[in-house]
Structure formats: C-alpha cells, structure tokens
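Each chain is listed here by its residues.
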Amino acid sequence: MKLTNIYNLPQTFINVLSRSKYTKGKANLSVTELLQPPQLVQLRKKHWDELEEDVADKIWAIFGTAIHSVLELGADHNHLIEERIHATVDGWDISGAVDLQKQEEDGIVISDYKTAGVWAVMNEKIEWEQQLNMYAWLVEKVKRTPVKKVEIVAVIRDWSRRDAKNREDYPEAPIKVLDIPLWSYEDREEFIKQRIQLHSNASLASEIGEEYAPCSPADMWEKPTTYAVKKAGNKRATAVFQSEGEAQDKKAELGSGYEIEVRPGERTRCAEFCQVSSFCKQYRDYLEEEE
Ligand code: SF4
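So, how was this worked out
Residues numbered from 1 in each chain as written. Predicted model: local features only at pLDDT ≥ 70, side-chain atom pairs only at ≥ 80, totals over all residues. Heavy atoms only, no water. Pairing = 2+ DSSP bridges. Helix = DSSP H or I, 4+ residues; strand = E, 2+ residues; numbered from the N terminus. Axes fitted to C-alpha atoms, helices over the stretch in contact; angles between N-to-C directions. 1 Å grid on protein atoms, 1.4 Å probe; cavity = no way out; pocket = protein on both sides within 12 Å on 5 of 7 lines; lining within 4 Å. Points joined across faces, edges and corners; volume = space filled by probe spheres on them. Nonpolar A, V, L, I, M, F, W, Y, C, P; charged D, E, K, R; others polar. Domains from an automatic or database assignment. Polar contact = N/O pair within 3.5 Å; in protein donor to acceptor, adjacent residues only side chain to side chain. Contact = heavy atoms within 4.5 Å. Buried area = accessible area lost by both parts, 1.4 Å probe. Salt bridge = Lys/Arg side-chain N within 4 Å of Asp/Glu carboxyl O. Buried < 20%, exposed > 50% of the residue type's maximum accessible area, 1.4 Å probe, protein only.

Trainee: Where do I start with the sheet that holds strand β11 (residues 239–241) in this structure?
Mentor: Strands pair in a sheet through their backbones, by hydrogen bonds, and they do so in one of two ways: parallel or antiparallel. Read across the open sheet, the three strands follow the order β11-β10-β12; overall the sheet is antiparallel. Either end of the sheet is taken by a strand with one partner, and the two such strands are β11 and β12 (258–263). Neighbour-to-neighbour, the strand axes of this sheet turn through a mean angle of 25 degrees, independent of strand direction. As judged from the three bridges shared by strand β10 (residues 226–231) and β11, these two strands associate in the antiparallel manner.

Quick look at the structure:
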C-alpha cells in the first residue's frame, strides 16, 4: 500500500502513519477483518502493492489513535488496556485488540473507544454490536471469566452545542457512552463461525481463481432508489416510496400539480470508502448498468 500526500501535508503526519505499531499478530484474521466483506478482504490482499491511500483520508484514524493513547493515562488499577487476545475457531486464528477491560467483582466490562460522527452515534450501528460481541466471546473463551457488559465510548467529532440545545435525542455532550446489547455466548460463537465460513470460502475462491461471492447490500451500505411525490416547485416531498408504481398511485390520488422526483440510490461504501473499488468487478458491473 502506497501512501500519497496530495495536499502536501506536513511530513509529521506521514511519519506517524508509516510508524504505526498496528499488527494483528499471528492471527489469520482480526475481528475488524472478520466483519468486513470477504470479497473486500481478498481483493485487498491480492492488490496490496497496487493500492494507494492519501494521508488526508487517514486524519481521523490518527485522531482516533491519539485519543486511545491519551486515555491510557487514565487507567485505574483494575483496568487492562489494549490487550490483543487470540483464539482458534475451526482452525482459524482470530484476534481482537480490546481497548479497555474493567475487572469488576462479578465480571468484566468491555469498552471500545470510537471517534465517530454524530450520525453514527444517533443511529443504530449493527457493526459495533457485532464487534463488541466478538470481543466478549474472545475474552470469555480465553479468560474463562464472564463478561457482564459491553459499551462504546464515542468521542463525537462533529458535535454541536447549538444542536444539543435544540434537537431532541441529540447527544448532550461530545462524549457519549452507548450500552450495547450483549448476546449469549452461543450466539457470539455462532456468529463468529458464520463469518469465518464466509471468509474461508472467499479465500478458497481466490486460491483457485474463481469469482468471489458478491458483497451484500448491507456490505455495500446500499441505499435503494426512492421515488418522492411532491407538489410542483416544492423541495420537500409529500411522500417517499420504494417503488415507482406506489409513487404513481399516490400522485394520481393527489391530483394535478404533483410530480415524481426519482432519487437515485447509491452504494456508499463502494463509492466512497472501499479501498479496492477500482479492482472490484461487482462494482464495475454495477456502474456500467447504471450508465
Ligand atoms: S467495491 Fe463494493 S462490492 Fe466491491 S468489494 Fe468494495 S464494498 Fe464490495
């Protein structure tokens, strides 16, 4: 992976990124990779030397690392910081680095620090729940001590004091602790096994030169095309539908003076966040179809 610097940012930022201490150890897959689409993981492996990433796109990752480092200074005697835990499942070594484990009398509390936008904090993020439950499985499996709670400690990078005063459900402070549902041990293990199976299939496909199983709409953060019925000239829609037929019916019901605006869907991850999109046949085919 080549690091570029198209905005000519100070060398310090490049140094920080090139000196990153991140390693997943001897693991076949980290918890973070297990959660990623298998096709993406395989394409990244295959095209690693051809990939480019710009230092400006890594700024929030640097910020996140800084937050982690500073918070280490706040550790108490019963806190265990940044421990990487390994376990073997179905012959695969998987690992996860747990930001904070608080040892309490009746079990361990797992906290994960996130530097996130307010949207992510206010909306359900299933990936966070899955990630924390995988950590909980690793901790219980390896330490044989119950995990009693899992939580996200979110540092909100675009928090606004004005919105906090005026908007309902908006976080009251730029830091918010989110309680995450803790699954049963069996459910956590089952989920991990399913993810390993998907990655194992993709790894085999890569070895024998077959096509990968496609990424799912959820993997691609797909937003479907919608059809907005609105009064001619208005910006706001009277109603929004998933199908054109329903929108036509509504327009007919409302009578003259209404129109339908097609709001094209998109695959947000593919379009903006996937490192391998330029090597991905599934995304290329989709773009061709769209044209
Ligand atoms: S570009 Fe989209 S479809 Fe292709 S690997 Fe990335 S997320 Fe999956």
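Trainee: What am I meant to see in empty space enclosed by the protein here?
Mentor: Going through the model one piece at a time under the given rule, you end up with one cavity of 30 Å³ or more. Estimates place the volume of the largest cavity at around 120 Å³. Taken together, 15 residues form the lining of the largest cavity, with Cys215, Met220, Cys270, Cys274 and Cys280 sitting closest to its centre. Among the secondary structure elements, those contributing two or more residues to the lining of the largest cavity are α3 (38–46), α10 (268–273) and α11 (281–290). No other element matches α3, which puts three residues into the lining of the largest cavity. Taken together, the residues of the lining of the largest cavity break down into 10 nonpolar, three polar and two charged. Here the lining of the largest cavity spans two domains, and each of domain 1 (2–208) and domain 2 (222–290) adds at least three residues to it.

Trainee: Would you take a moment to explain the environment of Glu261 for this structure?
Mentor: Here Glu261 lies in strand β12. Sequence spacing of Glu261 and Tyr227 is 34 residues, and the spatial spacing of their C-alpha atoms is 5.8 Å. For Glu261, the side chain forms a polar contact with the side chain of Lys230, separated by 3.0 Å. A polar contact of 2.7 Å, which involves the side chain of Glu261, links it to the side chain of Arg263.

Trainee: When you look at the domain arrangement of the protein in this model, what are you seeing that I'm missing?
Mentor: The domains assigned to the protein are domain 1 (2–208) and domain 2 (222–290). Inter-centroid distance (C-alpha atoms) of domain 1 to domain 2 is 32 Å. With 10 residues of domain 1 at the interface, the matching set in domain 2 holds seven residues. Across the domain 1 to domain 2 interface the summed buried area is about 810 Å²; carbon plus sulfur atoms make up 64%. When residues of domain 1 are sorted by the area they lose upon contact with domain 2, Leu40, Leu43 and Leu51 head the list and together hold 45% of the total. One can count zero salt bridges joining domain 1 with domain 2. Our count for the domain 1 to domain 2 interface comes out at three residue pairs in polar contact (both at pLDDT 80 or more). For the side of domain 1 that touches domain 2, the class distribution of residues is four nonpolar, three polar and three charged.

Trainee: Please explain the pattern of salt bridges as it appears in this structure.
Mentor: Oppositely charged side chains can form a pair if their charged atoms are brought close together. Taken as a whole and judged by the stated rule, the model has 17 salt bridges. Across the pair Arg167 and Asp163 runs a salt bridge whose closest N-O atoms are separated by 3.7 Å. By relative accessible area, Arg167 is classed as partly exposed at 41%. Residue Asp163 is classed as partly exposed on the basis of its relative accessible area of 25%. Residues participating in the shared-partner salt-bridge network are Lys102, Lys149, Glu151 and Asp179.

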